[in-house]
Amino acid sequence: MKKVLVLIPAYNEAESIEKVVDDLRENHPYYDYLIVNDGSKDNTLAVCKKRGYHVMTFPVNLGLECGFIAGMKYAYRKGYDYIVQFDADGQHISDYISDIYEEIEMGYDIVIGSRFATEKKPASLRMLGSSMISLAIKITTGKTIKDPTSGMRMYNRKCMEIFSKDINYGPEPDTISYLIRNDFKVSEVQVEMKEREAGKSYLTISKSISYMFKMMTSILLVQAFRKKVG
């Protein structure tokens, strides 16, 4: 098996981080992991230090993008073949990493752990936003991405190099769209996700709507002005 790093960005996840990391260490010891503590104001860092976890920490909250890029650079320098973006809130199920790994070994650059690869997307305001983002990606790239907002994704070494050297974008749907436009191969694998078990999501209804419009604007208007990769 090739070298896989599980990247776990964490902001105020003291209540869930132990369960997430202990599951990985006990059930999937062949995966390495790195927690990026993004300036948490709770006891996330203290828990990580007490348990002897592998952690990179920022003194202040810099946002998901910075933690993601830092993880990409770390994985690239350390010679990992694949990196998995994995939530610290307990929603992602580690058993699916092997399914995603098998898919990316088929020659893809990015594989998304998708809630809707084979399952129907439920009708809700939040899922309406997801569907609109999917439509925008389809219009601009010709590629159907059924779960563009999934935070569980595996990237290959080519992506690590690009994120480490050439682009400074976060792990968002508009970046996936941008990479597809640059001929990166993207696939989806059906996964299940759990409800958040602890802590509080930062996504309120108003923030979700704002996020949707931001992504739509970026995908439909901004993408054409981004420089080509390489």
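For the structure, check the block above.
This text gives an overview of the structure that appears in the document. Here the structure is a predicted model, which is why all the values come from computation and not from measurement.

Criteria and thresholds
Residues numbered from 1 in each chain as written. Predicted model: local features only at pLDDT ≥ 70, side-chain atom pairs only at ≥ 80, totals over all residues. Heavy atoms only, no water. Buried < 20%, exposed > 50% of the residue type's maximum accessible area, 1.4 Å probe, protein only. Helix = DSSP H or I, 4+ residues; strand = E, 2+ residues; numbered from the N terminus. Pairing = 2+ DSSP bridges. Salt bridge = Lys/Arg side-chain N within 4 Å of Asp/Glu carboxyl O. Disulfide = S-S within 2.5 Å. Axes fitted to C-alpha atoms, helices over the stretch in contact; angles between N-to-C directions. Contact = heavy atoms within 4.5 Å. Left-handed = near helix turned anticlockwise from the far one by under 90°. Expected span 1.5 Å × (residues − 1).

A separate point is the pairing of strand β1 (residues 4-10). Among the seven residues that make up β1, seven are buried, leaving the element largely enclosed by the rest of the structure. Taking every second residue as pointing to the same face, both faces of β1 are buried, with Val4, Val6, Ile8 and Ala10 on one and Leu5, Leu7 and Pro9 on the other. Pairing of β1 with strand β4 (residues 82-85), which is carried by four bridges, proceeds in the parallel orientation. Across the sheet, the residue bridging to Leu5 is Ile83, located in β4. Bridge count for β1 against strand β2 (residues 32-38) is six bridges, and the pairing is parallel.

As a further point, take the environment of Leu221. Here Leu221 lies in helix α8 (residues 205-222). According to the relative accessible area criterion, Leu221 is exposed, its value standing at 55%. As for Leu221 and Lys2, which are separated by 219 residues in sequence, their C-alpha atoms are 38 Å apart.

This part is about the pattern of salt bridges. Here the structure, examined in full by the defined rule, presents six salt bridges. Across the pair Arg51 and Glu18 runs a salt bridge whose closest N-O atoms are separated by 2.8 Å. Here the residue Arg51 occupies a position in helix α2 (residues 44-51), and Glu18 occupies one in helix α1 (residues 17-27), the gap between them amounting to 33 residues. In this structure, Asp174 and Arg226 form a salt bridge, with 3.6 Å as the shortest nitrogen-oxygen distance. Highlighted residues: Asp174 in helix α7 (residues 173-181) and Arg226 in the segment after α8, separated in sequence by 52 residues. Taken together, the salt bridges that share partners define one network made up of Glu18, Asp22 and Arg51.

All right, on to the state of the cysteines then. Scanning the entire structure with this criterion turns up zero disulfides. Cysteine Cys48 remains unbridged, with the sulfur of Cys66 as its closest cysteine sulfur at 19 Å. Take Cys48: its relative accessible area is 0%, and that puts it in the buried class.

Within the open sheet, the seven strands sit side by side as β3-β2-β1-β4-β6-β5-β7. Their pairing is mixed. The open sheet terminates on both sides in strands that have one partner only, identified here as β3 (55-58) and β7 (186-190). The sheet shows a mean angle of 20° between the axes of neighbouring strands, direction not considered. Here β4 runs beside strand β6 (residues 153-156); their pairing, made up of four bridges, is antiparallel. Residue Ile83 lies in a different strand from β6, and its bridge partner there is Tyr155. In this fold helix α3 (residues 64-77) packs onto β1, β2, β3, β4 and β6, with an angle of close to 155° to the strand it touches most, β1.

Glancing now at the packing of α1 against α2. Interhelical geometry of α1 versus α2 gives an angle of 35° and a closest axis separation of 10 Å. Crossing of α1 against α2: the hand is right-handed. Counting all contacts with α1, which are made through Ile17, Glu18, Asp22 and Arg25, the residues of α2 involved are Val47, Cys48 and Arg51.

A few words on unusual backbone geometry. Although it is not a glycine, Asn12 adopts a positive phi angle of roughly 55°. Residue placement: Asn12 occurs in the loop between β1 and α1. In this structure Asn12 comes out as partly exposed when scored by relative accessible area, which is 27%. If you check the backbone angles, Asp183 has positive phi at about 70° while not being a glycine. As for its position among the elements, Asp183 is in the loop between α7 and β7. Here Asp183 falls in the exposed class, since its relative accessible area comes to 61%.

Attention now moves to helix α5 (residues 125-141). Look at α5: 25 Å from first C-alpha to last across 17 residues, which is about the 24 Å you get at 1.5 Å a residue. Those residues of α5 that fall on the buried side of the exposure criterion are Met127, Gly129, Ser130, Ile133, Ser134, Ala136 and Ile137. The elements touched by buried residues of α5 are α7 and α8. Among the residues trailing α5, Gly142 stands out with phi positive, at a value near 80°.

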